[in-house]
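Here's the letter readout for the chains.
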Amino acid sequence: MKRHLLNWSYNLLCGSTESLNIKSGSCILRLESRRICSEVGKSDYALVSTEEAKRFIIDCMMKIGTPKLHAQELSEVLAAADYSGHFSHGLNRLDLYVKDVSSRMCDGHAIPTLLKETPATGFVDGNNALGPVVGNFCMNLAIKKAKGVGVGWVVARGSNHYGIAGWYARQAMRQNMIGMSFTNTSPFLSPTRSKKAALGTNPICVAAKGSSDNEQFVLDMATTAVAVGKNFRLNFKNGKVKLYQLVGHKMSMDILQQMLQKQ
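The shown structure was predicted, so the numbers you read here are calculated from the model rather than taken from an experiment.

1. Some words on the packing of helix H5 (residues 131-149) against helix H6 (residues 166-173)
Then step 1. It is at 10 Å that the axes of H5 and H6 come closest, and there the two elements cross at 25°. Between H5 and H6, the angle is such that the two are roughly parallel. Seen from above, H5 lies across H6 with right-handed handedness. Where H5 abuts H6, its residues Gly131, Pro132, Gly135, Asn136, Met139, Asn140 and Ile143 lie against Trp167, Tyr168, Ala169, Gln171 and Ala172.

2. Let's talk about helix H4 (residues 94-102)
Then step 1. Restricting attention to buried positions, one finds in H4 the residues Leu94, Asp95, Tyr97, Val98, Asp100 and Val101.
Then step 2. Positive backbone phi, at 70°, marks Arg104, one or two positions downstream of H4.

3. Let's talk about unusual backbone geometry
Then step 1. Phi at Asn127 takes a positive value of approximately 55°, unusual for a residue other than glycine.
Then step 2. By secondary structure assignment, the location of Asn127 is in the loop between strand E6 (121-125) and H5.
Then step 3. Located in the positive-phi region is Asn202, a residue other than glycine, with phi close to 40°.
Then step 4. Here Asn202 falls in the partly exposed class, since its relative accessible area comes to 30%.

4. Remarks on the pattern of salt bridges
Then step 1. For the structure on display, the rule yields seven salt bridges.
Then step 2. Between Glu51 and Lys54 there is a salt bridge, and its shortest N-O distance comes to 3.4 Å. On the criterion of helical spacing, the pair formed by Glu51 and Lys54 is a turn pair, its members being three residues apart in helix H2 (residues 50-63).
Then step 3. On the basis of relative accessible area, Glu51 is assigned to the exposed category, the value being 52%.
Then step 4. On the basis of relative accessibility, which here comes to 15%, the residue Lys54 falls in the buried class.
Then step 5. The salt bridge partner of Asp125 is Arg157, with a shortest N-O separation of 3.4 Å. Within this pair, whereas Asp125 is found in strand E6, its partner Arg157 is found in strand E7 (residues 153-157), the two being separated by 32 residues in sequence.
Then step 6. Under the relative-accessibility criterion, Asp125 is labelled buried at 14%.
Then step 7. For Arg157, a relative accessible area of 44% translates into the label partly exposed.
Then step 8. Within the structure, one salt-bridge network assembled from shared partners comprises Glu51, Lys54 and Glu76.

5. Considerations on the sheet that holds E7
Then step 1. If you walk across this open sheet you meet the three strands as E5-E6-E7, and the pairing is mixed. The two strands at the open ends of the sheet, each matched to only one other strand, are strand E5 (113-117) and E7. Strand-to-strand twist of the sheet, defined as the mean angle between neighbouring strand axes without regard to direction, takes the value 25°.
Then step 2. Pairing geometry for E5 and E6, over four bridges, is antiparallel. Bridge pairing in E6 links Lys116 to Phe123.

Procedures and definitions
- Residues numbered from 1 in each chain as written.
- Predicted model: local features only at pLDDT ≥ 70, side-chain atom pairs only at ≥ 80, totals over all residues.
- Heavy atoms only, no water.
- Axes fitted to C-alpha atoms, helices over the stretch in contact; angles between N-to-C directions.
- Helix = DSSP H or I, 4+ residues; strand = E, 2+ residues; numbered from the N terminus.
- Parallel < 35°, antiparallel > 145°, perpendicular 65-115°, else oblique.
- Left-handed = near helix turned anticlockwise from the far one by under 90°.
- Contact = heavy atoms within 4.5 Å.
- Buried < 20%, exposed > 50% of the residue type's maximum accessible area, 1.4 Å probe, protein only.
- Salt bridge = Lys/Arg side-chain N within 4 Å of Asp/Glu carboxyl O.
- Pairing = 2+ DSSP bridges.

Quick look at the structure:
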């Protein structure tokens, strides 16, 4: 790992929270849990090629023992998110993947297995592998089945965070199909009249080509008012989360407290 990797990481990323030290010979790379500087001044902004971003991600993941092919799959998803403007699911999520693999919460070496299938469906065990590895496996299988019988539905268990859902739906779209991708999440959604979060943000994505090569329809959304990743990014904006993005009882109490302070 070359020395310029250190400088690159600090130029591209900003903010400061927890850090993880990755030793590489005499060089120590501090992988910060930070957001990309898309909303700061030009003096703090660094323009980096997508290939350099992918290389950085691959180097980080391989340093903690992830096989190169799996690290490459992750790098493609994260770089695509930043490149397309989904900064909530780009390089700022690298810290999550590094921590999950290094703590053995996720198995960086695992390979998905097909448990059961019909000509049009498949049931996959992700074996606790990296989310993008499982997601790509499932979408490739779904596309293969759709080419054979007209439709392909594949579901997985034992997976992990898989990045932007649009990455997978677009794979089918590029094959002149209607691509769909869905996932559950940890409980972040506060049900109606509840005092705490109990349901996932559970993203929905649909992608399809239009009547010309330049036309596309891509819907990639969380089923909450705001995606969790955007909420995390706002933690670094003015040092706090906007009130309307808090949940349940806490939101009501914070708004009431603010109103009383103004009076």
